[in-house]
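Residues per chain, in single letters:
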Amino acid sequence: MCSIFQITCDGALFNRCLDCFLGEAAYISKLQDNLDALETELGRLIAAKNDVMMRVVNAERQQMRRREGVQQWVSRVDAVKTGADELITDGSEEIGKLCVGGYCSKNCRSSYKFGKQVAKKLQDVKTLIAEGVFEAVATEVVPERAPEPVADKRPIEPTIVGLQSQLEQVWRCLVVEESVGIIGLYGMGGVGKTTLLTRINNKFLESQNNFDCVIWVVVSKDLRLEKIQDDIGKKIGLSDDSWKNKSVEEKAVDILRRLREKRFVLLLDDIWERVDLTEVGIPLPSPQNTTSKVVFTTRFIDVCGSMESHRKFEVACLSEEDAWELFREKVGQETLESDHEIVELAQTVAK
């Protein structure tokens, strides 16, 4: 019983060894056929790649972008071609080593190793040919929209004589002091309130901040809530015809819903009386709600009280020194120095 089992095991082992030997011998005996097949299949693969690349080029001319899978396939084809070309080039030398009608080699180890590489490369080429069938080689490119600027840059003269310190104070209230939500800038007409407010607006484009949008509205003496709502709507994307036909109350609901999702700054220029921000649809800034800010200009300090401003800044007339500096900038040093009497007269005018 044991002897029978031993013979059976030895026979199975013999068959496995024979299969292994014949399989390894095939790398040598089929070397010529595999080299010829490799050259043929490689030609088919390169032709397939050229067809794919022609489609890619045509698509890219139409502002489309090649698919990631296509790009990976092309890269693999290039890598396989490099290896296959080397094997085909070295093939004649390895074929010269064969003997016994091509079934054996003068250097079996070398020929076996080379034949195995050829067989594997042939399989790689066939696999790539099968994978190189693409219904679409590119996808439409959806251009990324540039992010909307936080504020619309407003034109202003470069001169800011006498306003720099106040600009820095107000800016600190906007970006540092969270408890300050409503800021009033008051002073007589012509002293630079609008200039200061414009500087604040443009500074949002020049300095890093956490606000989503800055909204500029000119109110003026003729207070109309609907006009204020329309200006706000243009900035936050509520300006289509159907929205314009809504009532003040309906617009207020839409504005409130939209602004609740944003960190915003509302700049109201030239207020002559209290503006009911709630009626407009503005979420009221408060020490508890620090995600938004309101800055307004007015000629009257009483308006700062009625608007319940948390901080107010007086924009006063220029000091004598600042007035003289501004005068010199406007007139020009060359003109002032053209005659010694002009300087004295100019200083009188500046005062």
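Our subject is the structure that appears above.
Residues numbered from 1 in each chain as written. Predicted model: local features only at pLDDT ≥ 70, side-chain atom pairs only at ≥ 80, totals over all residues. Heavy atoms only, no water.

## Things to note about the overall build of the chain
Right, so step 1: Scanning the chain from terminus to terminus reveals 14 helices and nine strands.
Right, so step 2: Residues classed as buried in the chain amount to 35% of the 351 residues present.
Right, so step 3: Contacts in the chain between residues far apart in sequence, at least 24 positions, make up 76% of those at least 6 positions apart.
Right, so step 4: Surface accessibility of the chain: about 21,400 Å² in total, with carbon and sulfur atoms responsible for 51%. (Helix = DSSP H or I, 4+ residues; strand = E, 2+ residues; numbered from the N terminus. Buried < 20%, exposed > 50% of the residue type's maximum accessible area, 1.4 Å probe, protein only. Contact = heavy atoms within 4.5 Å. Areas by Shrake-Rupley, 256 points an atom, 1.4 Å probe, with all protein chains shown as cover.)

## Focus: unusual backbone geometry
Right, so step 1: At Asp270, a residue that is not glycine, the phi angle is positive and equals roughly 65 degrees.
Right, so step 2: Assignment of secondary structure puts Asp270 in strand E7 (residues 264–271).
Right, so step 3: A relative accessible area of 23% places Asp270 in the partly exposed class.
Right, so step 4: Backbone geometry places Glu308, a non-glycine residue, at a positive phi of 55 degrees.
Right, so step 5: Counting through the fold element by element, Glu308 comes out in the loop between helix H11 (301–306) and strand E9 (311–314).

## Considering the pattern of salt bridges
Right, so step 1: Taken as a whole, this structure holds 14 salt bridges when the rule is applied.
Right, so step 2: One salt bridge in this structure joins Lys49 and Asp78, with 2.6 Å as the shortest N-O distance. Here Lys49 is found in helix H2 (residues 31–61), whereas its partner Asp78 is found in helix H3 (residues 68–95), with 29 residues between them in sequence.
Right, so step 3: The network of salt bridges with shared partners includes Arg172, Glu177 and Arg311. (Salt bridge = Lys/Arg side-chain N within 4 Å of Asp/Glu carboxyl O.)

## Description of the sheet that holds E7
Right, so step 1: Taken in spatial order, the five strands line up as E6-E7-E8-E5-E9 in an open sheet, and their pairing is parallel. At either end of the open sheet lies a strand with only one pairing partner, and these are strand E6 (213–220) and E9. Averaged over all adjacent pairs, the angle separating strand axes in this sheet is 15 degrees, with direction ignored.
Right, so step 2: The strands that helix H5 (residues 164–175) touches are strand E5 (182–186), E7, strand E8 (293–298) and E9; relative to E9, the one it contacts most, it runs at about 170 degrees.
Right, so step 3: Against the sheet, helix H7 (residues 225–236) touches E6 and E7, its axis set at about 160 degrees to E6. (Pairing = 2+ DSSP bridges. Axes fitted to C-alpha atoms, helices over the stretch in contact; angles between N-to-C directions.)

## Considering the packing of aromatic side chains
Two aromatic rings are characterised by how far apart their centres lie and by the angle between their planes.
Right, so step 1: Per the stated rule, a full pass over the model turns up four aromatic pairs.
Right, so step 2: Summarising the aromatic geometry, the rings of Trp272 and Phe300 are spaced 5.5 Å apart at their centres and angled 65 degrees between planes, so their arrangement reads as edge-to-face. Residue Trp272 is found in the loop between E7 and helix H10 (277–280), and its partner Phe300 is found in the loop between E8 and H11; the two are separated by 28 residues along the sequence.
Right, so step 3: Judged by relative accessible area, Phe300 falls into the partly exposed class, the value being 35%. (Phe/Tyr/Trp six-rings, centres within 6.5 Å; stacked < 30°, edge-to-face > 60°.)

## Focus: the packing of H7 against helix H9 (residues 248–259)
Axis angle and axis distance: for two packed helices, these are the angle between their axes and the distance between the axes, and together they describe the pair.
Right, so step 1: As a packed pair, H7 and H9 sit with axes 10 Å apart at the nearest point and diverge in direction by 35 degrees. The handedness of the crossing between H7 and H9 comes out as left-handed. Of H9, the residues touching H7 (which contributes Glu226, Gln229, Asp230, Ile232 and Ile236) are Val248, Lys251, Ala252, Ile255, Arg258 and Leu259.
Right, so step 2: Residues of the contact of H7 with H9, tallied by class, amount to six nonpolar, one polar and four charged. (Left-handed = near helix turned anticlockwise from the far one by under 90°. Nonpolar A, V, L, I, M, F, W, Y, C, P; charged D, E, K, R; others polar.)

## A word on the nonpolar core
Right, so step 1: Among the nonpolar cores identified, the biggest contains 27 residues, and Ile232, Leu266, Leu268, Val275 and Ile282 are the most heavily contacted of them.
Right, so step 2: Sorting the residues of this core by element identifies E5, E6, H7, H9, E7, H10, E8 and H11 as the ones contributing at least two each. (Core = buried A, V, L, I, M, F, W, Y, C linked by side-chain atoms within 4.5 Å.)

## Considerations on H9
Right, so step 1: Between its terminal C-alpha atoms H9 stretches 16 Å, which fits the 16 Å expected from 12 residues at 1.5 Å a residue.
Right, so step 2: Listed as buried for H9 are Lys251, Ala252, Asp254, Ile255 and Leu259. Taken end-on, H9 shows its buried residues confined to a sector of 165 degrees, consistent with a single buried face.
Right, so step 3: In this structure, the buried residues of H9 make contact with E6, H7, helix H8 (241–244), E7 and H10. (Expected span 1.5 Å × (residues − 1). Arc of directions from axis to C-beta.)

## Regarding the packing of H5 against helix H6 (residues 193–206)
Right, so step 1: Look at H5 against H6: their axes get within 10 Å of each other, and the N-to-C directions meet at 50 degrees. When the interaxial angle is binned, H5 and H6 end up oblique. In terms of crossing hand, the pair formed by H5 and H6 is right-handed. Counting all contacts with H5, which are made through Gln166, Leu167, Val170, Trp171 and Leu174, the residues of H6 involved are Leu196, Arg199, Ile200, Lys203 and Phe204. (Parallel < 35°, antiparallel > 145°, perpendicular 65-115°, else oblique.)

## Considerations on H2
Right, so step 1: The terminal C-alpha atoms of H2, which comprises 31 residues, lie 44 Å apart, in line with the 45 Å expected from a rise of 1.5 Å per residue.
Right, so step 2: Those residues of H2 not exposed but buried are Leu31, Asn34, Leu35, Leu38, Glu41, Leu42, Leu45, Lys49, Val52, Val56 and Ala59.
Right, so step 3: Phi turns positive, to about 65 degrees, at Gln63, one or two residues after H2.

## Thoughts on the environment of Glu321
Right, so step 1: Along the polypeptide, Glu321 turns up in helix H12 (residues 320–331).
Right, so step 2: Separated by 26 residues in the primary sequence, Glu321 and Gln347 place their C-alpha atoms 10.0 Å from one another.

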